[in-house]
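Coordinate analysis (summary)
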Amino acid sequence: MKSIKPRTLDHLKDFGCTVPALVLILIFTYWPIVRLIQISFTNWNLLNDSYKYVGFKNWKWLFTGSGTKYLLNSLKATVIYSCGEILITLLGGLILALIFNTEHPGYNVMRAVVFMPKYVAMSSAAVVFLWMLNTQYGVFNYFLTQLGFKPVDWLQDSHTAMLSVLMLTGWRAIGYGMIIYLAAMRSISKDYYEAAELDGATYWQRLRLITLPLLTPTTLFLFVTTFLSSMKVFQSIDILTGGGPYRSTEVFVYKIYQYAMVDFRMDRAATMALAFFLLLLLCTAATMRISRGKVNYES
C-alpha cells in the first residue's frame, strides 16, 4: 500500500481547514438559493398549511400575466433610483475629492464632516429626513416659505417622492465616493503632474489627460458597488414613502417584501427575487465586459 506523500498530506490538511467555511456557505448561501428556485415553482401561500407544485405558472404570471405591470413599474423605479445614486456618488464624490485634495489642515475636519453621515444608520437618518421633509412642519418647507416659495409636498407627490429619497441617499453616499476618490488621487505619482507642468499643461488639461484616466479603476469599482447597493435599496423607501405615492417609489426589493410579508405570497416573492437576481447578474457581467480594455490600471 502506497503511503500518502507529505505534499499531498499538506494539501489535504489545508483543504480540511476550509471545510467548515464551505459547509457554512453551502447552508446559508447556496441552499437558500436552491429553496428559492423550488418555491418559485409552487403556489406557497403563508395563509395555507400546504402547497403544491404548479410548474411555470408563477413565471407566466410575472412575464405574461398581471404581474408584468408590477415588474415593469418596479424596474422603472429601481432604474431611476440607481441612476440617481450612481450620479450622486460618482460625480458628486469626484467633485468633492477634487476640492478637498489639498494638504490644508482645516480640510481634514471638512472631509470628516462630509464623510460622517456614512456612519449614521439608514433607519435613523430616514426618520430624521421624514421630519425634515414633512409638508407642514419640515425644515425644507420652512426655508422655502421664508424665501417666498410655496411648500412642496415632498413625500406625497409622485414627482418629488423619488427625489426626496435621493436627498437622503446623497447625504449619506457622497462622502463615501469622495473618500474613495481621494485615496485614489493620492496614489497617483506626482511625476506625471510635474512633467505635464513642465510641458505647459493647464489644470484642466492635467485633469482630463492624467487624473481622470488614472481614476478609471476607481470609477469602475465605485460604479459596480454603488449599482449593486442601489438596486437593493429598502430601508429608506420603507420609512419615507412606503413605495408610494402611486407606486412611484416601489422598487424591486420593496415589491418582493410586499409579496412575501404583506400579501403572504411566497411563491410570487421567490419568482420576482430570482428575476431580480438574474437582472443583477446580467447587468454586472455587461458592465465588466464593456469596461474591459477601457480601464487604465497603471498609476
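Scroll up to find the structure this text is about.
Computed from a prediction, not measured in an experiment: that's the story for all the values here.

The subject of this paragraph is the packing of helix α3 (residues 67-100) against helix α7 (residues 161-187). Contact geometry of α3 with α7 gives a least axis separation of 6 Å together with a crossing angle of 40°. In terms of their interaxial angle, α3 and α7 are classed as oblique. The crossing of α3 and α7 is right-handed. In the contact of α3 with α7, the residues fall into 19 nonpolar, 7 polar and 2 charged.

Right, let's get into the side chain of Thr218. Within the secondary structure, Thr218 sits in helix α10 (residues 216-231). Dropping the residues within four chain positions of it, Thr218 is found in contact with Ile180, Tyr181 and Ala184.

So, about the environment of Glu250. Summarising the element assignment, Glu250 is placed in the loop between α11 (235-240) and α12 (252-262). Residue Glu250 is classed as buried on the basis of its relative accessible area of 3%. Placed 88 residues apart in sequence, Glu250 and Met162 show a C-alpha to C-alpha distance of 9.7 Å. Residues contacting Glu250, with those up to four places away along its chain left out, are Asn73, Ser74, Ala77, Gly243, Lys255 and Gln258. A polar atom in the side chain of Glu250 sits 3.0 Å from the side chain of Arg247.

Before going further, it helps to examine the nonpolar core. One recurring pattern in soluble globular proteins is that nonpolar side chains are buried together. Of all hydrophobic cores here, the largest spans 35 residues; its most connected members are Ala97, Met178, Tyr181, Leu215, Ile256, Met272 and Phe276. Elements represented by at least two residues in this core include exactly α2 (57-63), α3, α7, α9 (203-214), α10, α12 and α13 (266-291). Here the element with the most residues in this core is α13; it accounts for 8 residues. Contact partners of Phe276, with chain neighbours within four places excluded, come to Met231, Lys232, Phe252, Val253 and Ile256. Listed in part, the 18 residues of the second largest apolar core include Ala77, Phe129, Met162 and Leu166.

Next up on the list: a nonpolar patch on the surface. A cluster of nonpolar side chains, contributed by Phe15, Val19, Leu22, Val23, Leu24, Ile25, Leu26, Ile27, Phe28, Tyr30, Ile33 and Ile37, occupies part of the molecular surface with about 1100 Å² of accessible area. In this fold, Leu26 is placed in helix α1 (residues 6-39).

The subject of this paragraph is the side chain of Arg206. With respect to the helices and strands, the residue Arg206 is situated in helix α9. Polar contacts involving the side chain of Arg206 include one to the main-chain carbonyl oxygen of Ala201, which spans 3.0 Å. Those residues in contact with Arg206 that sit more than four places away from it in its chain are Tyr193, Ala196, Glu197, Ala201 and Thr211.

Calculation criteria
Residues numbered from 1 in each chain as written. Predicted model: local features only at pLDDT ≥ 70, side-chain atom pairs only at ≥ 80, totals over all residues. Heavy atoms only, no water. Axes fitted to C-alpha atoms, helices over the stretch in contact; angles between N-to-C directions. Helix = DSSP H or I, 4+ residues; strand = E, 2+ residues; numbered from the N terminus. Parallel < 35°, antiparallel > 145°, perpendicular 65-115°, else oblique. Left-handed = near helix turned anticlockwise from the far one by under 90°. Nonpolar A, V, L, I, M, F, W, Y, C, P; charged D, E, K, R; others polar. Contact = heavy atoms within 4.5 Å. Buried < 20%, exposed > 50% of the residue type's maximum accessible area, 1.4 Å probe, protein only. Polar contact = N/O pair within 3.5 Å; in protein donor to acceptor, adjacent residues only side chain to side chain. Core = buried A, V, L, I, M, F, W, Y, C linked by side-chain atoms within 4.5 Å. Patch = residues over 30% accessible without salt bridge, like charges linked within 9 Å, V, L, I, M, F, W, Y side chains within 5 Å. Areas by Shrake-Rupley, 256 points an atom, 1.4 Å probe, with all protein chains shown as cover. Salt bridge = Lys/Arg side-chain N within 4 Å of Asp/Glu carboxyl O.

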